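Residues per chain, in single letters:
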Amino acid sequence: MAEQTHVLFVEDDDVIREATQLALERDGFAVTAMPDGLSGLEAFRADRPDIALLDVMVPGLDGVSLCRRIRDESTVPVIMLSARADSIDIVLGLEAGADDYVTKPFDGAVLVARIRAVLRRFGHASGGAGAGEGAAPVEGGVLVFGELEVDTEGMEVTRGGTPVALTPTEMRLLLEFSSAPGTVLSRDKLLERVWDYGWGGDTRVVDVHVQRLRTKIGQDRIETVRGFGYKLKA
C-alpha cells in the first residue's frame, strides 16, 4: 500500500478546519490540522509534512509569517488560503515563499486538484525542460548563461561559482526559461508548464515567482517583454 501524503493544515475556523480535514482524508491524505500559527509551526517541525496549507489570517503567528518560517527551514510546498482574491495578503504570501494560493470559499475538489498539481511539480522537478538551444552546453548537462550555470541533471544552480538556493517551483521556472533562452514565454504558458494549470490561473503567481528568481540569479537575466511575457537572456 502506497504511503499517504501528509498535509499540514492551519486554519482557525473550526468548521472549515474540520470539514476540510475530513474531505482531504476521504481523498486519501493524512492530515494534521492546527488552529493557529504557533501550533502549526510546532507540528511542521515535529512531523515534517509533505505539503502545508496555511490560512493567511490565523492567530498567534499569521500565515504569511508561518510560511516565511517554514521556508527558512525547508523547501516543502506551501499553498496559502485567503478569503479575498484581491487581497494584498496573496502577494505577501507568495513573496514569503508560498508556491500557490487558493481563495476561500473553495470547492473541495478544486483544493485537492491544486494540492495534487503542486505535488506533481515537486515530485518531478525536472519535467518538461531539456538542453536549451542558445545556451553553451557543458559536460554533464550544465547550461551556461554568462556567470549563471544550470545543472539540469543535478538540479543545481550556481552564479559566479556560488551556489544559488532555489525552491522546486523556482527551479522549474528557471528550467523552462533555460530550455528556450531568448524565447518569450507568456504568463499563461508558464502557468501551464510550471504550475500544471489546465485552466486559467492568476498571473500574479508567475510575476511574483519571476521577481523572486531575479533576485537570486540576477535582475537583468530575465527580461520582461511588455504585453507578451518573459524571456531568459542567452
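Basis of the calculations
- Residues numbered from 1 in each chain as written.
- Predicted model: local features only at pLDDT ≥ 70, side-chain atom pairs only at ≥ 80, totals over all residues.
- Heavy atoms only, no water.
- Core = buried A, V, L, I, M, F, W, Y, C linked by side-chain atoms within 4.5 Å.
- Buried < 20%, exposed > 50% of the residue type's maximum accessible area, 1.4 Å probe, protein only.
- Contact = heavy atoms within 4.5 Å.
- Pairing = 2+ DSSP bridges.
- Helix = DSSP H or I, 4+ residues; strand = E, 2+ residues; numbered from the N terminus.
- Axes fitted to C-alpha atoms, helices over the stretch in contact; angles between N-to-C directions.
- Salt bridge = Lys/Arg side-chain N within 4 Å of Asp/Glu carboxyl O.
- pLDDT = per-residue confidence, 0-100.
- Polar contact = N/O pair within 3.5 Å; in protein donor to acceptor, adjacent residues only side chain to side chain.

Brief notes about the nonpolar core
- With 50 residues, the main nonpolar core has L54, M80, V150 and F177 as its most contacted residues.
- Apart from the residues within four sequence positions on either side, M80 is in contact with L54, V56, G63, V64, C67, G93, A98, D100, Y101 and V102.
- Grouped together as the second largest cluster of nonpolar side chains are 15 residues, V31, V102, I115 and F122 included.

Brief notes about the sheet that holds strand β3 (residues 51–55)
- If you walk across this open sheet you meet the five strands as β2-β1-β3-β4-β5, and the pairing is parallel. Each end of this open sheet is capped by a strand with a single partner; those strands are β2 (30–34) and β5 (100–103). Strand-to-strand, the axes of this sheet are offset by a mean angle of 20°, without reference to chain direction.
- When strand β1 (residues 6–10) meets β2, the two strands line up parallel, connected through five bridges. Residue pairing for β2: F9 is matched across the bridge by A33.
- Where helix α2 (residues 37–47) meets the sheet, it contacts β1 and β2, and its direction lies at approximately 165° from that of β1.

Here we look at the pattern of salt bridges
- All told, the structure shown has 14 salt bridges when counted by the stated rule.
- The residue E11 makes a salt bridge to K104 at a minimum N-O spacing of 3.0 Å. Here E11 is found in the loop between β1 and α1 (14–26), whereas its partner K104 is found in the loop between β5 and α5 (108–123), with 93 residues between them in sequence.
- Between E170 and K216 there is a salt bridge, with the nearest N and O atoms lying 2.8 Å from each other. Of the two residues, E170 is situated in helix α6 (residues 168–178) and K216 in helix α8 (residues 204–217); the sequence distance between them amounts to 46 residues.
- For E170, a relative accessible area of 0% puts it in the buried group.
- Each member of the salt-bridge network shares a partner with another, and the members are E11, D55 and K104.

Section: the confidence of the model for the chain
- In the predicted model, the chain carries a mean pLDDT of 86, and 88% of its residues have values of at least 70.
- Every residue in residues 124–139 is under pLDDT 50, and counting partners more than four places away or in other chains gives 33 contacts.

Concerning α2
- For α2, every residue scored as buried is listed here: G37, S39, G40, L41, A43 and F44.
- For α2, the secondary structure elements touched by its buried residues are β1, β2 and α3 (63–73).
- For α2, the N-terminal capping position is held by D36, with its side-chain oxygen 3.2 Å away from the main-chain nitrogen of L38.
- Looking one or two residues beyond α2, the residue adopting positive phi is R48, at roughly 50°.

A closer look at the pairing of strand β12 (residues 229–232)
- Alignment of strand β11 (residues 222–225) against β12, held across four bridges, turns out to be antiparallel. When the sheet's bridge partners are listed, T224 is paired in β12 with Y230.
- Counting the residues that bridge the hairpin from β11 to β12 gives three residues, and of these G227 lies at a positive phi of roughly 85°.

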